[in-house]
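What follows is each chain in one-letter form.
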Amino acid sequence: TLLLSLLERESGVSTFGKRLRCLREERQWSQWELAKRAGLPYMTVWRVEAGKHQYPRMDIAKKLARTLRVSLDVLCGLYEDDSEKSEVLASLAP
């Protein structure tokens, strides 16, 4: 399905890590600051941004997204542009 292909294409950790770094830097937070605010060890944030965590656990991703005040969709890059979002939503409609 389209949804699965989008997820597979975007499942690369470097993409997740790059988004995380970009969102963190937009807020002018250090990795230490993000870790503290999210209640995570500093090394976890470092590993995710560096691409060392191949697949961050859901609980880690949720904490990061909540702390950055974005949805998991944004952090994971599920929708790169509006046309992809429209296609996915259309495919899910009854």
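Residues numbered from 1 in each chain as written. Predicted model: local features only at pLDDT ≥ 70, side-chain atom pairs only at ≥ 80, totals over all residues. Heavy atoms only, no water.

Undergrad: Can you break down the overall build of the protein chain residue by residue, with the values?
TA: Regarding its fold elements, the protein chain presents seven helices and zero strands. Taken from N to C terminus, the helices and strands of the protein chain fall in the order α-α-α-α-α-α-α. The buried share of the protein chain, taken over its 94 residues, is 33%. Looking at the protein chain alone, contacts between residues at least 24 apart form 62% of all its contacts between residues at least 6 apart. Summed over its atoms, the accessible surface of the protein chain is roughly 6100 Å², and 53% of this surface lies on carbon and sulfur atoms. (Helix = DSSP H or I, 4+ residues; strand = E, 2+ residues; numbered from the N terminus. Buried < 20%, exposed > 50% of the residue type's maximum accessible area, 1.4 Å probe, protein only. Contact = heavy atoms within 4.5 Å. Areas by Shrake-Rupley, 256 points an atom, 1.4 Å probe, with all protein chains shown as cover.)

Undergrad: Any chance you could break down the environment of cysteine 22 for me, citing the residues and the numbers?
TA: Within the fold, cysteine 22 resides in helix 2 (residues 13-26). For the pair cysteine 22 and glutamate 49, spaced 27 residues apart in the sequence, the C-alpha separation amounts to 9.6 Å.

Undergrad: Before we move on, can you summarise the nonpolar core with the specific residues and values?
TA: Residues Phe16, Leu20, Leu34, Leu64, Leu68, Val70 and Leu75 are the most contacted members of the largest nonpolar core, which totals 17 residues. Contributions of two or more residues to this core are made by helix 2, helix 3 (31-38), helix 4 (42-50) and helix 5 (58-68). What leucine 34 contacts, discounting residues up to four positions off in sequence, is Leu20, Arg24, Trp29, Val45, Leu64, Thr67 and Leu68. (Core = buried A, V, L, I, M, F, W, Y, C linked by side-chain atoms within 4.5 Å.)

Undergrad: Please provide a residue-by-residue account of the pattern of salt bridges, values included.
TA: Under the criterion given, the structure shown has six salt bridges. With its nearest N and O atoms 3.4 Å apart, the salt bridge here joins glutamate 49 to arginine 21. With glutamate 49 in helix 4 and arginine 21 in helix 2, the pair connects residues that are 28 residues apart, well separated along the chain. For glutamate 49, a relative accessible area of 5% puts it in the buried group. Across the pair arginine 37 and glutamate 33 runs a salt bridge, and its minimum N-O distance is 2.6 Å. Of this pair, arginine 37 and glutamate 33 both sit in helix 3, four residues apart, which is roughly one turn of that helix. A relative accessible area of 27% means that glutamate 33 is categorised as partly exposed. (Salt bridge = Lys/Arg side-chain N within 4 Å of Asp/Glu carboxyl O.)

Undergrad: Any chance you could break down the packing of aromatic side chains for me, citing the residues and the numbers?
TA: Inspection of the entire model under this criterion finds one aromatic pair. Here the aromatic rings of tryptophan 32 and tyrosine 42 are separated by 4.1 Å at their centres, their planes lie at 10 degrees, and the arrangement is stacked. Placement of the pair is tryptophan 32 in helix 3 and tyrosine 42 in helix 4, with a sequence separation of ten residues. (Phe/Tyr/Trp six-rings, centres within 6.5 Å; stacked < 30°, edge-to-face > 60°.)

Undergrad: Go over the packing of helix 3 against helix 4, please, and point to the residues and values.
TA: Two elements in contact, helix 3 and helix 4, have axes whose closest approach is 8 Å; the angle formed by their N-to-C orientations is 120 degrees. By the angle between their directions, the pair helix 3 and helix 4 is classed as oblique. Between helix 3 and helix 4 lies a crossing whose hand is right-handed. Between helix 3 and helix 4, the contacting residues are Gln31, Trp32, Leu34 and Ala35 on the first element and Tyr42, Val45, Trp46 and Glu49 on the second. (Axes fitted to C-alpha atoms, helices over the stretch in contact; angles between N-to-C directions. Parallel < 35°, antiparallel > 145°, perpendicular 65-115°, else oblique. Left-handed = near helix turned anticlockwise from the far one by under 90°.)

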